[in-house]
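A structural walkthrough
Residues per chain are reported as follows:
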Amino acid sequence: MIYATMVKINRIFTRIFAYSAIFLLSSAFILSVHADPNAATSSCPAHEINMLIDLSHEFTFMYDTFGAGEYLKEDTFQKTNSHASLTSNDVKLQNYDVIVINQLDSNIEFSDKEIDLLEKWVRNGGGLLITGKGLQTYPLNELASRFGITFTTDPVVPPFKLTDHELNTDVGKFEINTGSIGTRLSVSGDGGYKPIVFDSQNGIVAVSKIFGSGFVIAVGEDEFIANPSQAEVVNHQFVFNLMKWLGKNRLAKGRCIPDRILPENKIMQEEITLYYSDKVKNVPSIQFIKENLLRINIEIEKITGIKNEFQMSFIVLAGAGGSGYSTGQEVGIGSKNTGPDMLGVLSHELAHSFDNPNPPPEMMHPVASLVSDRVGLAFGGEYAKAADLSFQNTHDNLKRIDPHGTSLDISRYNGDTSFVAEPGDVHEGRWGKMYWIVGSLEGTYKFDTSGMYHFPKSNKEPAKELLQRYFRLKRQDKNYQSTPENIVRLFSIAACKNLYQDFLNIGTTLIHYDNAAVDKEIGIHCSSGDPKVRGSQ
Ligand SMILES: [Zn+2]
């Protein structure tokens with residue numbers, strides 16, 4: 001979770017749940033993850049299996065970072081995250097034992113050339129994993145049908161039953177994420193199929209097929225691999241077995257592979273390079289970024305009071321998906337976003353980039369969204385409307401879940417790198433709580449807060465610049481640690497008032513808070529009428 005040295009993959013992972021139970025099929029949720037973009041494969045430790053994670057047909061963190069990245073340890077697996085088309089010159093299929101392709105709700109097509117290439121590669125011994133959920137119009141079926149497999153639109157019905165497939169060795173159970181609904185598979189053609197998992201009515205959930213010298217596995221559910229609930233642990237052995245089985249021909253012979261492959265096209269925009277693959281060259285989001293990037297940057301500078309000093313130098317327009325990520329230097333945006341959604345995600349991720357190299361704990365994702373909502377307000381029109389709606393939604397959930405603002409513990413995620421599933425409204429309520437805390441300290445919170453705890457104002461009153469002071473302090477703090485104690489500490493200095501007791505009063509767990517040290521810092525920064533931190537960075 002560290003940016004400054006960009007050593008390893010950052011596994012902070014957040015999802016804004018949409019209200020609908022089918023949130024996983026919609027683009028209305030935001031995934032946010034912070035991954036090391038281009039860590040060079042300067043050293044290539046001994047390992048057995050090379051994996052290519054294709055992100056050009058669907059932008060997902062299931063396979064590139066959060067899920068498989070957790071189980072598939074480096075002594076066995078090396079992987080390349082690729083946003084390039086499979087036919088790009090940079091993607092060399094012969095360097096891989098396993099290729100993973102996921103498609104959830106994207107309509108990005110597979111070209112005939114890509115399908116031919118993959119078929120030939122599998123026939124010659126490669127191992128292909130395809131996962132997703134069937135839709136009426138579902139491009140992944142163009143590829144799957146080449147192997148006699150179809151993703152149907154029939155939902156799977158848990159509980160699941162494991163067959164006596166060798167892949168199930170030492171696997172006790174197969175689970176998918178609560179709220180995620182997979183779809184059954186059907187098979188046809190010349191045999192060689194073996195079901196791996198059935199649902200409760202003997203619908204096929206997962207199936208293997210021997211194809212030429214190679215192997216195909218299809219799973220009608222992608223959440224099994226990045227399941228944010230306890231099923232992640234449940235499926236660990238299953239995922240491990242599956243990848244080992246697919247890679248057993250060892251075609252790539254342990255060659256060194258890059259950590260990632262960027263999309264094959266690029267354009268310069270305001271000194272920032274925008275990368276995009278042939279797959280998304282006609283999407284409206286390219287034009288949106290070209291037209292608005294400069295203004296978004298200016299608005300974030302105004303809102304945060306800091307400049308983007310960490311060389312945010314490129315944007316990857318990823319395969320479809322309504323989500324984004326930031327690593328500081330790189331921001332990734334799902335190409336499916338348009339209009340206010342695009343502004344929201346892009347501003348959120350840029351706000352993280354501004355914030356680097358200090359890693360944002362979970363408590364910072366809502367702050368990034370608060371920044372992005374304020375960018376939306378500055379843009380006006382439909383953007384302001386969407387920002388207002390976002391604000392209203394988080395607010396409504398907060399008021400319902402934590403009506404007095406005293407019970408929902410915002411420190412909950414800190415120190416814990418794993419994402420724990422929780423109901424969408426609780427998640428949004430948690431974000432609303434950060435909005436309310438900032439708004440309460442600034443005196444700008446504009447919704448109904450009757451009956452809610454209020455932060456007493458400091459007599460120094462730097463309230464209007466609270467957020468700017470917070471961001472400046474955070475950047476100045478060389479020893480910044482991503483803990484709730486530090487966030488409360490910096491908000492306290494920004495507000496010129498020790499907020500320890502106030503945060504306790506609103507249900508925040510603070511364990512290692514040094515009251516005396518914070519008082520001293522407040523003395524230093526707030527001794528004059530013009531707090532020192534106010535200086536421009
Ligand atoms: Zn975020």
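Everything quoted here is computed from the prediction, not taken from an experiment. (Residues numbered from 1 in each chain as written. Predicted model: local features only at pLDDT ≥ 70, side-chain atom pairs only at ≥ 80, totals over all residues.)

**Here's the deal with the overall build of the protein chain**
Looking only at helices and strands, one finds 14 helices and 18 strands in the protein chain. Here the protein chain holds 537 residues, and 52% of them are scored as buried. Across the protein chain, contacts joining residues at least 24 apart in sequence account for 74% of those joining residues at least 6 apart. (Helix = DSSP H or I, 4+ residues; strand = E, 2+ residues; numbered from the N terminus. Buried ≥ 20, exposed ≤ 12 C-beta atoms within 10 Å, placed from the backbone. Contact = placed C-beta atoms within 7 Å.)

**Side note on the packing of helix α12 (residues 484-495) against helix α14 (residues 515-525)**
Two elements in contact, α12 and α14, have axes whose closest approach is 9 Å; the angle formed by their N-to-C orientations is 35 degrees. When the axes of α12 and α14 are compared, the crossing they make is right-handed. On α14, the residues touching R489, S492 and I493 of α12 are V518, E521, I522 and H525. Classifying every residue of the contact of α12 with α14 by side-chain character gives 3 nonpolar, 2 polar and 2 charged. (Axes fitted to C-alpha atoms, helices over the stretch in contact; angles between N-to-C directions. Left-handed = near helix turned anticlockwise from the far one by under 90°. Nonpolar A, V, L, I, M, F, W, Y, C, P; charged D, E, K, R; others polar.)

**What to know about the nonpolar core**
With 126 residues, the main nonpolar core has M51, V98, I217, A218, M243, V438 and F491 as its most contacted residues. Those residues in contact with V438 that lie beyond four places of it in its chain are V367, L370, L466 and L467. (Core = buried A, V, L, I, M, F, W, Y, C linked by C-beta atoms within 7 Å.)

**A word on helix α6 (residues 284-304)**
Over its 21 residues, α6 runs 28 Å from end to end, which matches the ideal 30 Å to within 8%, given 1.5 Å per residue. Within α6, the axis deviates most sharply at N292, by approximately 55 degrees. Among the residues of α6, S285, I289, I296, N297, E299, I300, I303 and T304 are the ones counted as buried. Phi for G305, located one or two positions after α6, is positive at around 75 degrees. (Expected span 1.5 Å × (residues − 1). Bend = angle between axes of the 7 residues up to and from the residue.)

**A few points about helix α8 (residues 364-379)**
Along its 16 residues, α8 runs 23 Å from first to last C-alpha, staying within 8% of the 22 Å computed at 1.5 Å per residue. The buried fraction of α8 amounts to 13 of the 16 residues, a majority that puts the element mostly inside the structure. Note on α8: the residue one or two positions beyond its end, G380, has a positive phi of about 75 degrees.

**With respect to the environment of L246**
Along the chain, L246 turns up in helix α5 (residues 231-246). Sequence separation between L246 and G127 is 119 residues, and the spatial gap between their C-alpha atoms is 4.3 Å. When sequence neighbours within four positions are dropped, the list of residues in contact with L246 reads V98, G127, L129, F215 and I217.

**Focus: the environment of M51**
Take M51: it is sitting in strand β3 (residues 49-54). Residues M51 and K79, spaced 28 residues apart in sequence, show a C-alpha to C-alpha distance of 4.5 Å.

**Observations concerning the packing of α6 against α8**
Viewed as axis vectors pointing N to C, α6 and α8 meet at an angle of 120 degrees, and their least axial separation amounts to 10 Å. Taken as axis vectors, α6 and α8 run oblique relative to one another. Here α6 runs over α8; the crossing is right-handed. Residues I296, E299, I300, I303 and T304 of α6 form the contact with α8, whose participating residues are V371, R374, V375 and A378. (Parallel < 35°, antiparallel > 145°, perpendicular 65-115°, else oblique.)

**Points about the pairing of strand β14 (residues 265-269)**
By the bridge criterion, 5 bridges tie β14 to strand β15 (residues 272-276) in an arrangement that is antiparallel. Each residue of the ladder has a partner; that of I267, found in β15, is L274. Hairpin connection from β14 to β15: 2 residues lie between these consecutive antiparallel strands, with E270 at a positive phi of about 50 degrees. (Pairing = 2+ DSSP bridges.)

**Concerning the pairing of strand β18 (residues 330-334)**
A large share of β18 lies buried, amounting to 5 of its 5 residues. Here β18 shows two buried faces, one formed by E330, G332 and G334 and the other by V331 and I333. Sheet topology places strand β16 (residues 314-318) next to β18; 5 bridges connect them, and they run parallel. Bridge pairing in β18 links A318 to G334. As judged from the 3 bridges shared by strand β17 (residues 324-326) and β18, these two strands associate in the antiparallel manner. Bridging from a neighbouring strand, S326 pairs with V331 of β18. Between the end of β17 and the start of β18, which pair antiparallel, lie 3 residues, with G328 showing a positive phi angle near 100 degrees.

**Overview of the confidence of the model for the protein chain**
With 82% of its residues at a pLDDT of 70 or more, the protein chain shows a mean pLDDT of 82. Confidence, expressed as mean pLDDT per element, reaches its minimum in the protein chain at strand β1 (residues 10-16) with 30 and its maximum at helix α3 (residues 112-123) with 98. Every residue in residues 228-232 is under pLDDT 50, and counting partners more than four places away or in other chains gives 11 contacts. For residues 533-537, every residue scores under 50 in pLDDT, and the model assigns this stretch 10 contacts once sequence neighbours within four places are set aside. (pLDDT = per-residue confidence, 0-100.)

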